[in-house]
Amino acid sequence: AGQRRFAQSSTTTPLGGDGPKKVAAQASNVQTQASVHQKKFSWMPGRGMYYDLAGRAPHYKSDWVDGFRTNIGILAPATYIFFASAIPALTFGEQLADETDGEMNGVHVLLATFLCGCMQAIFGGQPLLIVGVAEPIVLVYDYMFRISKTYGIPFLPWASVTLFWTSLFLLLLAVFNTCFYAHHFTRFSGELFGVLISLLFLQQAIKGLASEFSPPHPHFLASASARRAEVGVGYGVAEEQPWLLFNGSFALVLAGGLLYTSIRSVEARNWVIFPGFLRRFIADYGTAVFVLIWTLLSYIPAVTGPVAQQLPETIPRRLVIPNTFDGSKNYFVLQRLGELEGWHVGAAIIPAAIIAVLFFFDHNVSSQLAQEGMHLRKPAAYHWDFFLLSMMTLLCGCIGIPPVNGVIPQAPMHSRANAIWLKKKELKPGEEDDADEHEGRPYYILENRVSNLLQSLLCGVALLATPILQKIPRSVLWGFFAFMAIEGLPGNQFYQRILLFFTDPKRLHKVKEDPKHATFIDTVPMGVIWKFTAVQFAGLAICYGITWAGIVGISFPLFIMLLVPAREKLFPRIFDDKSLQEMDPLDLSDAPSEPTESPGDDPYRLAHTDTGVPAAEHNPYAAFPAPGYHAQHAAQHNIHHASRQAGTPGSLPVYSQGGVPATYAMQPMSMQGGFAPITPMTPQQQQQFFSVQQSQPAQPR
């Protein structure tokens, strides 16, 4: 009943005389065709976008209904992602303001996040995808500004023309169905890019804290002088060495304090102190609360002690962000296009091509990480989302703001924040059902547009609060950058394999005893794992080194794209196929289009199992296989399938609804509408289950 109820909520209402079963069957047929065509390249222009829309259209209504149905509960993921998007936006704005001498700032970054986030939430194919200004685009704009100063090119008009070229390239890539190539992105390149982003976050945090010990940037001094003239108070700028040392030391305290408290707050659900509602509040909103707390603590030196009499106004250094309604020449950049010469327009093709390659990888990988491994029920829409990205880029170019794309780690963080944890059905004697205890609890991802739209609207509200944002110390943002770098590492198998280099071989058994450990540790020789990790680490080192190569650093996305064909063509010559399939499964485009009765024979399903999640954490709405279905189970299923065809009971466990092992009895959830693993089946129950299966015709899963 729960499965039917969920299916009906995700299909269109009946039209004319068609019954709900017929409409659902038609929608299912269209979605199946869309899923197949997403993985097949076609020279027919626009076919990929057509099938994306055909696959997502039946779910558009439920994307809104399911989100609003949770009532106030939708605020938790919305506000969580808002702070995960807004705080980096402010920091990137500070970085852009420093690198471009104030030509772009935090208001422009927040405006881009607000406008494009609303477009993605309303018109996007994958509503869980979060868009925003990413660290790589800040690096590209840094290099573009240096080039414009060297050759006397007006920066803002040149940046807009660059985005016009970029929008054209993205449009062509979407129309000619190139996003099918996203299915060739594997963990090797995707997780390498994720670690690179974390590394860039950490690098910026370190650089920002180091700058606190040096005289402030000229742009910062100009803004501070203007603010001092406006309010008529201030004690000057800290430029003497003792004050610089004090400012840097105080910045370390603020950044380190925010980093530590934020890391501890995300673990609040596992605390044994405080009531459950308070633990949930700290886990969901703790980071934002601690940004406020450390901002208030930053005023202590200015109001206490003898130092307050002489404390320069730039200690600590705070955000330099103009008021939203002060006006900006960026919004009228189209009037300045006449300042460009012909060769300026032609030269803009080079950075535009670099940005297009960056977006092709970054945007598709972000969308991939937001859905694959999450066992979502609704289909992807890579081509349509990429077409929408071209429209976003065109809009940003028209009003002189930086472009956006899918961001890591916010996109997968948004999906995980929308997890709905179901109730336990089996409790130990004296145990109460604790909603904050997620271990062994079934879950599903609430696929909706409401949380994305709310967090985008909150970014728009933040534009109205710039006088408040100006009170936040820059060092607090550097601490948040370090927190984002660390927060993006858990769940990344590349990072987990790096840790294996430092694991004592005598303690390796403790890693294997963890029920959530990656299954390749059990099947792949440790020497092969180390070799594969060393190759991946070398790729990371090269890519990171390119970002330090001066003007050549703008080309680092090209090297990341080269890793994709290298994984498919070169790696099979270095590693055996079985080890590669375990550590870095390919997304096979030649997989069977119809469900098969033998799960072990389906290479596409084998390549798309979440090997890091135990089977007990089951998504009741996910297609087969459930989380925890591993490649080494294929032999067991093949034996069972053969015994079933022969008419004899199989001695090994079988799989029932949704891919959950039959060693778990299945019972409907009365409130949530799904199935949850509870008591193990006895041999008699397994025999009875097998008898029922034999008496019924085989049905595709």
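Since the model is a prediction, treat every value here as computed from it, not as a measurement.

1. Description of the overall build of the protein
In terms of regular secondary structure, the protein is built from 30 helices and 6 strands. Counting every position in the protein, which comprises 701 residues, the buried fraction comes to 53%. The long-range share in the protein, meaning contacts at least 24 apart out of those at least 6 apart in sequence, stands at 79%. Roughly 30,300 Å² of accessible area belongs to the protein as shown, and the carbon and sulfur atoms make up 64% of that amount.

2. Structural notes on the environment of S456
The residue S456 is located in helix α18 (residues 450–462) in this model. The spatial distance from the C-alpha of S456 to the C-alpha of C118 is 5.7 Å, given a sequence separation of 338 residues. Discounting chain neighbours no more than four positions away, the residues touching S456 are F114, G117 and C118.

3. Comments concerning the side chain of E447
Tracing the sequence through the fold places E447 in the loop between β4 (443–445) and α18. At 4.4 Å, R56 is the nearest oppositely charged side chain to E447, a buried residue that forms no salt bridge. In contact with E447, other than residues within four places in its own chain, are R56, D63, D66, L128, L376, R377 and K378.

4. Points about the packing of helix α5 (residues 75–99) against helix α6 (residues 106–123)
Taken N-terminus to C-terminus, the directions of α5 and α6 make an angle of 140°; their axes are 7 Å apart at the nearest point. Comparing the axis directions of α5 and α6 gives the class oblique. Between α5 and α6 lies a crossing of right-handed hand. Where α5 approaches α6, its residues A86, A89, L90, F92, G93 and L96 are matched on the opposing element by G106, V109, L110 and T113.

5. Focus on the pattern of salt bridges
Summed over the entire model, instances satisfying the criterion amount to 13 salt bridges. Connected through shared salt-bridge partners, R56, D63, D66, R69, K378 and R449 make up one network.

6. Focus: the packing of aromatic side chains
This model, assessed by the stated rule, comprises 28 aromatic pairs. Pairwise contacts between aromatic rings join F185, F193, F360, F361 and F386 into one cluster. Its guanidinium or amino end placed over the ring of Y299, R318 lies 3.9 Å from that ring's centre, counting from NZ or CZ. Over the ring of F575 we find K531; its NZ or CZ atom is 5.4 Å from the centre of that ring.

7. Examining the state of the cysteines
Summed over all chains, the structure comprises 0 disulfides. In this structure C396 is a free cysteine whose sulfur lies 3.8 Å from that of C116, the closest cysteine sulfur available. Under the relative-accessibility criterion, C396 is labelled buried at 1%.

8. Notes on the nonpolar core
What tends to happen in soluble globular proteins is that the nonpolar side chains get buried as a cluster. Membership of the largest hydrophobic core comes to 116 residues, with the highest contact counts inside it found for I137 and Y141. Among the elements that take part in this core, helix α9 (residues 187–211) stands out by supplying 9 residues, more than any other. The contact partners of Y141, leaving out residues within four places of it in the chain, are L96, M104, F155, A159, L163, I401, P402 and P403. In this structure, W64, I74, L446 and V450 belong to the second largest nonpolar core, which totals 7 residues.

9. Focus: unusual backbone geometry
P409 follows I408 through a cis peptide bond whose omega is 10°. Within the secondary structure layout, P409 lies in the loop between β2 (405–406) and α17 (410–417). The backbone of D101 shows a phi angle near 55°, a positive value even though the residue is not glycine. Within the secondary structure, D101 sits in the loop between α5 and α6.

10. Some points on the packing of α9 against helix α15 (residues 349–371)
Direction vectors running N to C along α9 and α15 enclose 100°, while the axes themselves pass 11 Å from each other. As judged from the angle between their axes, α9 and α15 are roughly perpendicular. From α9, S189, G190 and F193 reach across to α15, where they touch F361, D362 and V365.

11. Re helix α3 (residues 47–56)
Most of α3 sits out of view: 7 of its 10 residues are buried. Here α3 has its buried residues at G48, M49, Y51, D52, A54, G55 and R56.

12. Overview of the environment of M561
Topologically, M561 is positioned in helix α25 (residues 556–569). Taking the relative accessible area as the measure of exposure, M561 reaches 16% and is therefore buried. For M561, the residues in contact, after removing those within four places along its chain, are Y181, F185, V357, F360 and F361.

13. A look at the confidence of the model for the protein
Averaged over the protein, the pLDDT score is 75; the fraction of residues at 70 or greater is 70%. Within the protein, the element-level pLDDT minimum falls on helix α28 (residues 603–607), averaging 31, and the maximum on helix α8 (residues 155–175), averaging 96. For residues 588–645, every residue scores under 50 in pLDDT, and the model assigns this stretch 150 contacts once sequence neighbours within four places are set aside.

14. Section: the environment of E313
Along the polypeptide, E313 turns up in the loop between α13 (300–303) and α14 (342–347). Sequence spacing of E313 and A302 is 11 residues, and the spatial spacing of their C-alpha atoms is 8.7 Å.

15. Observations concerning the side chain of N405
Tracing the backbone through its elements, the reader meets N405 in strand β2. Look at N405 and you get buried, because its relative accessible area is 1%. Separated by 2.9 Å, the side chains of N405 and D362 make a polar contact.

16. Concerning a nonpolar patch on the surface
Together, F281, V289, I293, L297 and I300 make up a nonpolar patch on the protein surface, roughly 370 Å² of accessible area in all. Ranked by residue count, the leading element in the nonpolar patch is helix α12 (residues 276–297), at 4 residues. Along the chain, F281 falls in helix α12. Accessibility expressed as a relative area gives 42% for F281, which makes it partly exposed.

Calculation criteria
- Residues numbered from 1 in each chain as written.
- Predicted model: local features only at pLDDT ≥ 70, side-chain atom pairs only at ≥ 80, totals over all residues.
- Heavy atoms only, no water.
- Helix = DSSP H or I, 4+ residues; strand = E, 2+ residues; numbered from the N terminus.
- Buried < 20%, exposed > 50% of the residue type's maximum accessible area, 1.4 Å probe, protein only.
- Contact = heavy atoms within 4.5 Å.
- Areas by Shrake-Rupley, 256 points an atom, 1.4 Å probe, with all protein chains shown as cover.
- Lys, Arg positive; Asp, Glu negative; His and termini not counted.
- Salt bridge = Lys/Arg side-chain N within 4 Å of Asp/Glu carboxyl O.
- Axes fitted to C-alpha atoms, helices over the stretch in contact; angles between N-to-C directions.
- Parallel < 35°, antiparallel > 145°, perpendicular 65-115°, else oblique.
- Left-handed = near helix turned anticlockwise from the far one by under 90°.
- Phe/Tyr/Trp six-rings, centres within 6.5 Å; stacked < 30°, edge-to-face > 60°.
- Lys NZ or Arg CZ within 6 Å of the ring centre and 35° of its normal.
- Disulfide = S-S within 2.5 Å.
- Core = buried A, V, L, I, M, F, W, Y, C linked by side-chain atoms within 4.5 Å.
- pLDDT = per-residue confidence, 0-100.
- Polar contact = N/O pair within 3.5 Å; in protein donor to acceptor, adjacent residues only side chain to side chain.
- Patch = residues over 30% accessible without salt bridge, like charges linked within 9 Å, V, L, I, M, F, W, Y side chains within 5 Å.

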